[in-house]
Amino acid sequence: MGDLSALFAPSTVAVVGATERDGAVGRAVTANLLAFDGEVVPVNPNKETVFDRECYPDLGSVPESVDLAVVVVPAAVAVDAVRDAGAAGIENVVVLTAGFGEAGSKGATRERELREIASEYGLNLVGPNSVGVMSTSVNMNATFGPESAQDGSISFMSQSGAFITAVLDWANDRDIGFRDVVSLGNKAVLDERDFVEAWGESDDTDVIIGYLEDITDGGAFIETAQEITRETPIVVVKSGRTEAGAQAASSHTGAIAGSERAYEAGLEQAGVIRAETVEELFDAASMLDGQPLPENETVAVITNAGGPGVLATDAVGDSRLELASFTDDTLGSFEEILPDEANIYNPVDVLGDAAAKRFSDALDVALADPNVGAALVLACPTAVLSFEELAEITTTTQAEHDLPVAACLMGGESTNEARDRLDDAGIPTYFDPSRAIAGLASLARYREISTREYGAPTSFDVDRERARDIIRRAAERPSNALGVEAMELLDAYGIPTPEGTVVDTPAAAERHAAEIDGDVVMKIASPDIQHKSDIGGVRVGVSDDEVADAYEDLVARAKNYQPNATVLGVQLQERVDLDAGTETIVGMNRDPQFGPLLLFGLGGIFVEILEDVAVRIAPVNESMAAEMVGEIDAAPLLRGARGRDPVDEAALIETLQRLSQLVTDFPALLELDINPLVATPEGVVAVDLAATIDPEELDP
């Protein structure tokens, strides 16, 4: 990606396919550009002029330098038009034409050609199948939408063109302005990451918002967003959150962690605030665009109505915020300025006969309290309250304290002038108290995001060559599955495993069992049989004189259960006292967008039933691994609840980091489960393993 400044602030825009024909996209785009501060150049070999501007037959004929070409010709000739743009030295191209990757194999071929041309000439290409781009900084509306954006400092990207046209119409009614707007289209070249990076580096964009249906490269997006969100908040609606997501794979991790879980984890790690509705998107954006960040996560509610005050209290309880506890000095000040019947505790009820001055005095006292991070002014219409005056003094009081304030004006037409005054001052207004609280909560959330430290993952001393050899040998088998026979893979990366080996004859089983202290555990070694206990494929506490018979029995059970299964033999393993520890699971499922998705939770046979798990995108650092261990509901069990001995939590955290390094080093590992990973006060031990590999991803 090159510099995108000329994409949004060009001096000259050429419209390839410009026309005055009614109903044509070329007419709509050209007409929208008539208000553009720069020069508009029509390109159409069949026209001499378009809207009284000289028309050129092709881009190569345009005498002046063109910064942006907007292509609206049919798909069959759009590829040639883009090639002409590159040959003419035009760096920025927007392809509005449909009929590419979304339109079958022929369209997909055209889209590949676009990418090749863009790569050859170094083009910043938006689309194809895009509605276009806008920038209020130069009055540029290079779209075929019916509305132009109002001026503002929010930049907006959308994977749906229809969403853009609908949102602009809605936002204009509410006086919500934008800086830059882009319809991503098919994202053949430029995608969401490119615009996040460009807008994050711009002093003119204060908030980035978006509607996304997918993310092209989740890992790269996370890396970029983590840098940008230190200074610029990002809020997105990601659709498809209720779909099943990626098809469940054969492992426990794959069954639990579908693509929605990956997006949830990925956006969280990226520092992106995720909204579920359009209202939430703009509630958060408006608050982040106009209000300072709070110093803590507490809120004071100032209201003239008890019922709405209770609604606000409930909303606080449902959010990450807390009702502020006022200091004694604050309570004393409330007693002095408020009537005896008023409630001086949070939420503060200034009573129904309160005029704007009483609201203002109470807000002033609340914002002066060091325990208060933000405030909500919640007012219902009364005969003694002037909403206009309330707006004026609320604006003044908020500016004096420089703390975030939201206003909830629970009225209709009588609130319009006050809403305009508050909005002009950057104080968002709402009718519903819960939306106001959610808006304030987004400020607290971004405060936490902006102060995050993203430490680098630990690089452990591991035997990577040994691990590569194990995976290569597995790739030579007919099946792409790995089982307990690959426990050495964990050993190579420093994850503790019991003493043991895989044997392929009863005699070898007896010989190796004699080398292990005490009774042994025996498991059928077949990558094709994952749930070994379901078929009686596991024997626990086998004595030396029973080993040969147990071997024969396990192999027979496996062949009877699945005659075509690859049976490598039987794994002999040192017995681990499961009762002395807690069974956990650590695993990975490789997501198509985000890559390796790590999972941690309670293990054993109930993992898919309880689904008490934490997930992160690898690679993870120590603090992220610690968060995973601490955030599952069963974390108290690991820490000594109900008289249990606490497990070695540091060993769990290290194991997650080592697994993260393993799956990051080897993209050939598609999924991997260690279940159970037994955690004890003395450490952890991996008892069982299941994995799937992609031989085509093996490095040479």
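Cut-offs used in this document
- Residues numbered from 1 in each chain as written.
- Predicted model: local features only at pLDDT ≥ 70, side-chain atom pairs only at ≥ 80, totals over all residues.
- Heavy atoms only, no water.
- Helix = DSSP H or I, 4+ residues; strand = E, 2+ residues; numbered from the N terminus.
- Buried < 20%, exposed > 50% of the residue type's maximum accessible area, 1.4 Å probe, protein only.
- Areas by Shrake-Rupley, 256 points an atom, 1.4 Å probe, with all protein chains shown as cover.
- Lys, Arg positive; Asp, Glu negative; His and termini not counted.
- Charge placed at Lys NZ, Arg CZ, Asp CG, Glu CD.
- Salt bridge = Lys/Arg side-chain N within 4 Å of Asp/Glu carboxyl O.
- Pairing = 2+ DSSP bridges.
- Axes fitted to C-alpha atoms, helices over the stretch in contact; angles between N-to-C directions.
- Phe/Tyr/Trp six-rings, centres within 6.5 Å; stacked < 30°, edge-to-face > 60°.
- Lys NZ or Arg CZ within 6 Å of the ring centre and 35° of its normal.
- Polar contact = N/O pair within 3.5 Å; in protein donor to acceptor, adjacent residues only side chain to side chain.
- Contact = heavy atoms within 4.5 Å.
- Core = buried A, V, L, I, M, F, W, Y, C linked by side-chain atoms within 4.5 Å.
- Right-handed = clockwise from strand over helix to strand, strands pointing away.
- pLDDT = per-residue confidence, 0-100.
- Patch = residues over 30% accessible without salt bridge, like charges linked within 9 Å, V, L, I, M, F, W, Y side chains within 5 Å.
- Arc of directions from axis to C-beta.

## A closer look at the overall build of the protein chain
- Scanning the protein chain for helices and strands turns up 24 helices and 33 strands.
- Within the protein chain, the proportion of its 700 residues that are buried is 55%.
- Roughly 28,900 Å² of accessible area belongs to the protein chain as shown, and the carbon and sulfur atoms make up 44% of that amount.
- Each charge class in the protein chain can be summarised by its mean position, and for the 46 positive and 124 negative side chains these summaries are 6 Å apart.

## Structural notes on the pattern of salt bridges
- Scanning the model with the defined rule gives 27 salt bridges in all.
- In this structure, the salt-bridge partner of K357 is D361, at a minimum N-O distance of 2.9 Å. Residue K357 and its partner D361 are located together in helix α13 (residues 356-368), separated by four residues, close to a single helical turn.
- Residues R466 and E488 are paired through a salt bridge, measuring 3.9 Å at the closest nitrogen-oxygen approach. One end of the pair, R466, is in helix α17 (residues 464-475); the other, E488, is in helix α18 (residues 487-492), and 22 residues separate them in sequence.
- Classification of R466 by relative accessible area gives partly exposed; the value is 27%.
- Salt bridges here are not isolated pairs; linked through shared partners, they connect E268, R445, E448 and R452.

## Re the sheet that holds strand β15 (residues 234-238)
- Strand order in the open sheet formed by seven strands is β9-β8-β13-β11-β14-β15-β16, with mixed pairing between adjacent strands. Each edge of the open sheet carries a strand with a single partner, namely β9 (140-143) and β16 (273-275). Neighbouring strand axes in the sheet, compared pairwise and without regard to direction, differ in orientation by 15° on average.
- Note that β15 and β16 share three bridges and pair parallel. Pairing of V235 across the sheet is with I273, part of β16.

## A few points about unusual backbone geometry
- With an omega dihedral of 5°, the bond running from N346 to P347 counts as a cis peptide bond.
- Structurally, the position occupied by P347 is in the loop between α12 (328-337) and β19 (348-349).
- In this chain, N675 is followed by P676 through a cis amide linkage whose omega measures 5°.
- Among the structural elements, P676 can be located in strand β31 (residues 669-680).
- The backbone of N129 shows a phi angle near 60°, a positive value even though the residue is not glycine.
- Summarising the element assignment, N129 is placed in the loop between β7 (124-126) and β8 (132-135).
- One non-glycine residue, K187, lies in positive phi territory at about 55°.
- Tracing the chain through its elements places K187 in the loop between β13 (180-183) and α6 (192-200).
- Looking at K187, the relative accessible area reads 10%, which means it is buried.

## A look at the packing of aromatic side chains
- In the structure shown here, the tally under the stated rule is eleven aromatic pairs.
- Between F8 and F195 the ring centres are 6.1 Å apart and the planes differ by 70°, which places this aromatic pair in the edge-to-face class. In this pair, F8 sits in helix α1 (residues 5-8) while F195 sits in helix α6, placing the two residues 187 residues apart along the sequence.
- A relative accessible area of 5% means that F8 is categorised as buried.
- An aromatic cluster of at least three residues, connected via ring pairs, comprises F156, F163, W170, F178, Y211 and F282.
- The residue whose ring lies beneath R464 is F666, and the NZ or CZ to ring-centre distance is 5.5 Å.

## Here's the deal with the side chain of T143
- In this fold, T143 is placed in strand β9.
- T143 gets classed as buried once you look at its relative accessible area, which sits at 3%.
- Side-chain polar atoms of T143 contact the backbone nitrogen of G145, separated by 3.0 Å.
- Once residues lying within four places of it in the same chain are set aside, the contact partners of T143 are A28, V29, N32, V131, G132, V133 and M134.

## Re the sheet that holds strand β27 (residues 569-574)
- Pairing within the open sheet is antiparallel, and its four strands lie in the order β24-β27-β25-β26. Each edge of the sheet is formed by a strand with only one pairing partner; in this case those strands are β24 (500-503) and β26 (538-542). In this sheet, adjacent strand axes meet at a mean angle of 20° when their direction is disregarded.
- Those strands touched by helix α19 (residues 506-513) are β24, β25 (520-525) and β27, and its axis lies near 165° from that of β24.

## Quick look at the nonpolar core
- With 53 residues, the main nonpolar core has L7, L33, V133, M140, V182 and F195 as its most contacted residues.
- Counting residues per element, this core draws most heavily on helix α9 (residues 259-270), which supplies five residues.
- Excluding anything up to four places from it in sequence, L33 contacts V13, V15, V40, M140, N141 and A142.

## Brief notes about the pairing of strand β21 (residues 405-409)
- In terms of burial, β21 is largely enclosed, as five of its five residues are buried.
- As paired elements, strand β20 (residues 374-379) and β21 share five bridges and run parallel to each other. Across the sheet, A379 pairs through a bridge with L409, a residue of β21.
- Considered for its hand, the β-α-β crossover made up of β20, helix α14 (residues 387-401) and β21 is right-handed.
- Pairing geometry for β21 and strand β22 (residues 429-430), over two bridges, is parallel. Bridge pairing links C408 to Y430 in β22.
- At this point the chain moves from β21, through helix α15 (residues 416-424), to the parallel β22, and the crossover so formed is right-handed.

## Thoughts on the confidence of the model for the protein chain
- Averaged over every residue, the pLDDT of the protein chain is 92; residues scoring 70 or more account for 96%.
- Note on residues 243-258: pLDDT under 50 across the span, and 42 contacts to partners over four residues away in sequence or across chains.

## Quick notes on a negative patch on the surface
- The grouping of D169, D173, D175, E388, E417, D420, D423 and D424 at the surface amounts to a negative patch.
- Mapped onto the fold, D169 is located in helix α5 (residues 161-173).

## Considerations on the environment of A118
- Residue placement: A118 occurs in helix α4 (residues 104-121).
- Here A118 falls in the buried class, since its relative accessible area comes to 4%.
- Along the sequence, A118 and I524 sit 406 residues apart, while their C-alpha atoms lie 54 Å from each other.
- Sequence-distant contacts of A118, that is, excluding residues within four places in its chain, are made with L123 and V189.

## A look at α12
- Of the residues making up α12, those classed as buried are T330, L331 and F334. What you see down the axis of α12 is that its buried residues fit within an arc of 100°, all on one side. Summarising the geometry of α12, the exposed residues directed more than 90 degrees from the buried face are D328, D329, E335 and E336.
- Residues of α12 that are buried in the fold lie against β19 and α13.

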